[in-house]
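Structural overview for review
One letter stands for each residue in the lines below.
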Amino acid sequence: MCNLYTERKSAAEVAAHFGVELPVQAFNSAEDVYPGYSGIVVREEQGKRVLQSMTWGFPRHSTSKKTGLPNKPSPTNNARDDQLFNPYGMWSEWFARPAQRCLIPFTAFAEAVGEKGAMTKTWISVTDQPLAAWAGLWRPTDEWGDAYTGVMVDATEELLDIHDRMPVILRPEDHETWLRAPADVAIGLVRKYPGDRLVAEHSNDPWSDRGKASPPPEMPTLF
């Protein structure tokens, strides 16, 4: 599960990279994005790409076991690849519609590593894509406005000592297919990214320090 990623490029850089006209309206988006935070996504509208700020995570509702009253909605920020076609799940309706797919720009994603209570952040970036795209889905919500989630797949072997799941990282030539193709074609892009194109950067920054930027690691580990 990915519960933190970073996008350390300006909106202008993201727009230029993904072939989007930069909107006049300013963006509300953090560099370090946690579930429930605002992040930038690229989607299609009326045949052209647009850049938009949305909330990371589809709202999930639950009821308190103690009081029987509704809990505050929680963000479901990862979509399992094996649930994309499940008609009873929360993803199939949106995956089936190309217009509800999006690209999530990122420069690195983080996983918690270490013993419980002493976990630190390990950042994983893509060596051949300084600014990469994570395959995403989006939908309008009553709770938070437009919201998005990222599709996850089993991790490549090189990442298994860090986590058993990883984001679906798209190659640049596959962006158009993800945004426009029918579901039975788009599912072919839901796959592992080559481990030899990933780099892990271990830090001493506690995972519990939510919202605090991680210091640059001293030595990256190439897979």
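Scroll up to find the structure.
Below: a short report on this structure. Everything quoted here is computed from the prediction, not taken from an experiment.

Side note on the nonpolar core
In terms of nonpolar packing, the biggest core is built from 54 residues, with Tyr5, Tyr148, Ile169 and Trp178 touching the most fellow members. The greatest single-element share of this core, amounting to six residues, is contributed by strand 11 (residues 132–141).

What about the side chain of Arg43?
By the secondary structure assignment, Arg43 is in strand 3 (residues 38–45). A residue is classified by how much of its surface remains accessible, and Arg43, at 9% relative accessible area, is buried. At a separation of 2.6 Å, a polar atom in the side chain of Arg43 contacts the side chain of Gln52.

A closer look at the packing of aromatic side chains
In total, this model carries nine aromatic pairs according to the counting rule given. Judged by centre distance (5.0 Å) and plane angle (80°), the ring pair of Tyr5 and Trp56 falls under edge-to-face. Separated by 51 residues along the polypeptide, Tyr5 in strand 1 (residues 5–6) and Trp56 in strand 4 (residues 48–56) bring together distant segments of the chain. Assigned by exposure class, Tyr5 and Trp56 land together as buried.

Quick notes on unusual backbone geometry
Note: most residues except glycine have negative phi, and most peptide bonds are trans. With a phi close to 55°, Gln46 is a non-glycine residue in the positive phi region. As for its position among the elements, Gln46 is in the loop between strand 3 and strand 4.

Section: the side chain of Glu7
When you line up the elements, Glu7 lands in the loop between strand 1 and helix 1 (11–17). Summary of buried charges: Glu7 has no salt-bridge partner, and the nearest side chain of opposite charge, Lys9, is 7.5 Å away. A polar atom in the side chain of Glu7 sits 2.8 Å from the backbone nitrogen of Lys9. Ignoring anything within four residues of it in the chain, the contact list for Glu7 reads Val14, Glu31, Ile40, Pro105, Phe106, Thr107 and Leu131.

About the cut-offs
Residues numbered from 1 in each chain as written. Predicted model: local features only at pLDDT ≥ 70, side-chain atom pairs only at ≥ 80, totals over all residues. Heavy atoms only, no water. Core = buried A, V, L, I, M, F, W, Y, C linked by side-chain atoms within 4.5 Å. Buried < 20%, exposed > 50% of the residue type's maximum accessible area, 1.4 Å probe, protein only. Helix = DSSP H or I, 4+ residues; strand = E, 2+ residues; numbered from the N terminus. Polar contact = N/O pair within 3.5 Å; in protein donor to acceptor, adjacent residues only side chain to side chain. Phe/Tyr/Trp six-rings, centres within 6.5 Å; stacked < 30°, edge-to-face > 60°. Lys, Arg positive; Asp, Glu negative; His and termini not counted. Salt bridge = Lys/Arg side-chain N within 4 Å of Asp/Glu carboxyl O. Contact = heavy atoms within 4.5 Å.

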